[in-house]
Amino acid sequence: MSNLNETNAPVAHTAELNAELSIEQREVVGLSQGQIVRRRFFRHKGAMVSLAVLALIILLVFSSVGIVIPWPEWGADGFSFAQIHLPGWWMWNWTEPTPIVDGGNPTIKGLFDWGVHPFGQDEVGRDIFAAVMRGTQQSLTVMFIYGILAAFFGVLVGGLAGYFRGWVDNALMRLTDLFLVIPTLVFAAVLGQLAGNNPFMKSFGAVSLAILLGLVGWMSMARLVRGEFLSLREREFVDAARVAGASDMRIIFRHILPNALGVVIVATTLLMSAAIILEAALSFIGFGIQKPDVSLGQIVNEYQGAFATRPWLFWFPGIFIIAIALCINFIGDGLRDAFDPRQKRMPNDRGLWSILKRAVTGRGPKHEVLTPTESIHVLGDPGLDESAGDAGEKKR
Amino acid sequence: MLRLILRRLIVSIFILLAALFIVYNLVAISKDPLQDLIESTAPNKQQLIDARVALLDLDVPPPARFFMWLGGILGFFVPRFDDPNGLFGFLGNHFDMGVNVLGQDVGPIMSTAVQQTLQLVLGATLLAVVIGVAVGVSTALRQYSGYDYTVTFLAFLTYSLPVFFLAVLLKQYLAISFNDFLNKPDIPIPMLLLSSVIVGFITMSIIGGAIRTRLLVFGGMTVATAVVLFLLQALDWFRHPGLGTAMIIVLGLIAAAIVAGLTVGIRHRKNLIITGAIAVVGGALWYPMQYAMTNQIGPWFVWVLVLGFIALGWGAGRIFGGIEKRQIAINGGIVAGVSAALLVIDRVMQVFPEYSKQTNGRPIATVGAQSPQLGSDPSIWLQMLDGFTHLLLPTIAIMVISVASYSRYTRASLLEVMNQDYIRTARAKGLPERTVVMRHALRNSLIPITTIVAADVGAVISGAIITEQIFAWKAMGSIFTESLNHVDLNPLMGYMLITASLTVIFNLIADLLYSALDPRIRRA
């Protein structure tokens, strides 16, 4: 209780208060949880750079070659979906051969000097820039739909299991086990073939593939959310809500879910980066996006034999896959740092560039003075970050 | 405990059956199994269609057909005592995995494919666990160093790297340029200096310490690497590799020193003498072994050699180890095993020039699981070398991504353990840092890693689908892709049966291991 009084104390006590608070506590005084998280996230340079790069990629990809939307049609053999192509500002598309320029070599010379075929052409003259743009569209579509769907089902299953426990938990967790027994890639390949051979689903392209994949990608999220719900439902504020007469739905949506949101958002970014790789792998082995449409994995597969003569057919799609996955991973890292309640310090000296800089200079910022014994900290999240390590240090 | 295992087992079997049922029906409706025949222009089209329908019972609806398939599988458990060929003399005689589209029996096809894939996957997983744990431990102990940040960044990069991209790169660059290098093995001087400096820098970052130690380590390792590389090149070692007595003794002594440094300390005289003697004896046995390891000898000899050495080393440690004989026996076994492995490696290296000639100077293979043209009666050593050159690239491709995740998990887990009170207690009672890390911290931090590795098995096996396709292996991955493409349900279900069973079994093992290793779980 004394803490509460102190935070509400008049200005006269500020000096005394500041003496008791650590530097990092002082930084967050008077801020709501959302504000703290937002601030921490915005200060994460790696995540901010990645967010900007991702936004640029999305803008480039969807504006350059336009989008394809399914359109209902009533033909002679009944109702069906045709595809309409809304063109973008790029002059070529990904299906039609064009006259070969410079032996199909990439014509890109600089950031603003693109030439006719910046990423080159394949042997029949199709523009690889258009193909890569279209493929990246597919990857992004799959990524977002898969991420959102898998997160939704994961939260649903995990939340119900963790909150109600008992037979509901048992049944839902056995269902999760059932889905986990089938390897993701195998399940995805079967569903990919299903989506590729059904004319209705095929007209929706990447969207239907993403929906099908989302239906089988929720298991890790469900386990995570269940664990989170199991621990949160025992907390005092949930008891208080229950005593006050709140319904189950209200407790779940107003009390538990907001507290589990951090974990869910971070796990969603992991799902999304996995989705990029999954879609590319699936198209690579031929069960993802089907021809005549293109996707990045399909381009890599089609041209891997031509590597020695036309390496650009391989490099550009690969670079786009890696760029998107890397961006999502860094954004996820930034979110993890921002949501980590153990972390009191605002992250300012970590992120891509600091990591690189420290890798090159070979020294950490201020941990050098500590002996090896002292610089060993707690780390809860076995993830890619070193955030919780800092938390342990601050705790001491 | 037994009741727990039994309950888990029964639930797992039902989950497995349900998963198989779902996959069977999904695949059956995913595409028309007669599509290629319907589209064909063969004059006897109808006849072909009827033949396939009769062969694969396609007139039976898929859910019912699943139980027909399951009946063939469950035939494994129907005992028949008059036929002694099956397992234990009476099981497995009615086992029937059905036939594929071409009418071939699936069972024999599966068994060779399973062997090849497991060889690939198990090797890659074992290596990934060892390297991943080593990297994780070293980064955790050097937290916030340049080395730690570099590894963190590399882990980020590998997480975002699709395995097929990596595999194609390996195939195009590593295989081709390494083969070119082996044809004309000279290392340019700048390249030699650069790689020496890199090796020196990495060792320095891992060992750490004060600035003086760092510089000493850096200088020493750089010079040593440069000298070794120069000597190897001067002696044309890359074209005529081999170890010989001296190298086996030196490498064995290095192994003994590393093992000592990780367990009882380099100053422990008894351990050093025993393991050192084992290494020297191992090297000295090189000469007589040249007569034993003939071209005609069977694969059993390698097993006998390695296991025999380990047993002898263990026994020596047990007899002469004195008060710490348990630890010294283990160390002796490890060093003896390394010596035996070096003897085998030396023998395999001796056939390298011959192998190189047989493969037209391109020894690192990019296609398939074995060479088709290995002569009429290849020796076991040639076969081992052939297997190794074919396994090299796919193993690296599978390994790299697993190493990234295992090293991160190990790092996180070790850091968490190192902050526990009992570690402080261990330090406070004066234990050396080596004992604190290796015995008190590492053992506990490896508990969660076992679960992660076991749960990963299904993903790794299915991930091999991609790697196998790139390196043109005709193993389980290609069975899966081909049978899915043709809706050929029997081989596909054979694949599923094996993958899903392995997943279930390893998950079960993980659960049991976890409760065996962590007493807190058992009581809960």
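Residues numbered from 1 in each chain as written. Chains lettered and ligands numbered in written order. Predicted model: local features only at pLDDT ≥ 70, side-chain atom pairs only at ≥ 80, totals over all residues.

What chain A contains, in helices and strands, is 17 helices and two strands. At a minimum sequence separation of 6, the contacts of chain A that also span at least 24 residues come to 67%. (Helix = DSSP H or I, 4+ residues; strand = E, 2+ residues; numbered from the N terminus. Contact = placed C-beta atoms within 7 Å.)

Further remarks concern the overall build of chain B. The helix and strand tally for chain B stands at 21 helices and zero strands. Each of the three principal axes of chain B carries a C-alpha extent, and together these read 80 × 60 × 50 Å. Within chain B, the proportion of its 524 residues that are buried is 38%. Within chain B, residue pairs in contact and separated by at least 24 positions form 73% of the contacts whose partners lie at least 6 positions apart. (Buried ≥ 20, exposed ≤ 12 C-beta atoms within 10 Å, placed from the backbone.)

Our focus in this paragraph is the confidence of the model for chain A. Low-pLDDT stretches of the model should not have their predicted coordinates read in fine detail. All names here are of chain A. Model confidence for chain A is summarised by a mean pLDDT of 79, while 79% of its residues fall at 70 or above. Throughout residues 1-12 the model reports pLDDT below 50, and contacts reaching past four residues in sequence, or to other chains, amount to three contacts. Contacts for the low-pLDDT stretch residues 364-396, under 50 throughout, to residues beyond four places or in other chains number 74 contacts. (pLDDT = per-residue confidence, 0-100.)

We now examine helix 15 (residues 312-339) of chain A. Here helix 15 of chain A contains 28 residues, and its C-alpha end-to-end distance of 40 Å stays within 8% of the 40 Å for a straight helix at 1.5 Å per residue. Within helix 15 of chain A, 24 of the 28 residues are buried, which leaves it mostly tucked inside the rest of the structure. (Expected span 1.5 Å × (residues − 1).)

Right, let's get into the pairing of strand 1 (residues 67-75) of chain A. All names here are of chain A. The sheet contact formed by strand 1 and strand 2 (residues 78-86) spans nine bridges and is antiparallel. Residue I69 lies in a different strand from strand 2, and its bridge partner there is I84. The hairpin formed by strand 1 and strand 2 contains two residues between the paired strands. (Pairing = 2+ DSSP bridges.)

Bringing the environment of B:N100 into the picture now. Residues and elements named next belong to chain B. Considering the arrangement of structural elements, one finds N100 in the loop between helix 4 (62-74) and helix 5 (106-141). Take N100: there are 22 C-beta atoms within 10 Å of it, and that puts it in the buried class. Counting along the chain gives 201 residues from N100 to F301, while the straight-line C-alpha distance between them is 38 Å. In contact with N100, other than residues within four places in its own chain, are V106, D488, N490 and P491.

Looking now at the confidence of the model for chain B. Residue and element names in this part refer to chain B. With 96% of its residues at a pLDDT of 70 or more, chain B shows a mean pLDDT of 87. Averaged over each element, pLDDT in chain B is lowest for helix 21 (residues 519-523) (63) and highest for helix 17 (residues 421-428) (94). Reported confidence for the predicted complex is 0.86 by ipTM and 0.83 by pTM.

Right, let's get into helix 17 of chain B. Little of helix 17 of chain B sits inside the fold, with zero of its eight residues counted as buried. One or two positions beyond helix 17 of chain B, positive phi appears at B:G430, with a value near 90 degrees.

Glancing now at the environment of A:A281. Mapped onto the fold, A:A281 is located in helix 13 (residues 248-284). Note: C-alpha distance between A:A281 and A:V300 (19 residues apart in sequence) is 9.9 Å. Non-local contacts of A:A281, meaning those with residues more than four positions away in its chain, are made with A:L185, A:G297, B:P162, B:V163, B:F164 and B:I466.

As a further point, take the nonpolar core. Counting 172 residues, the largest nonpolar core has A:M221, A:L271, A:I276, A:A281 and B:F164 as its most contacted members. It is helix 13 of chain A that provides the largest number of residues to this core, a total of 19 residues. Excluding residues within four positions of it along the chain, A:L271 makes contact with A:Y146, A:G147, A:A150, A:A151, A:G217 and A:M221. Among the nonpolar cores identified, the runner-up in size contains 28 residues, and B:A260, B:A329, B:A341 and B:L343 belong to it. (Core = buried A, V, L, I, M, F, W, Y, C linked by C-beta atoms within 7 Å.)

With an omega dihedral of 10 degrees, the bond running from A:K291 to A:P292 counts as a cis peptide bond. Its location among the elements puts A:P292 in the loop between helix 13 and helix 14 (296-303). Although it is not a glycine, B:D236 adopts a positive phi angle of roughly 55 degrees. Among the secondary structure elements, B:D236 is positioned in the loop between helix 9 (211-234) and helix 10 (244-262).

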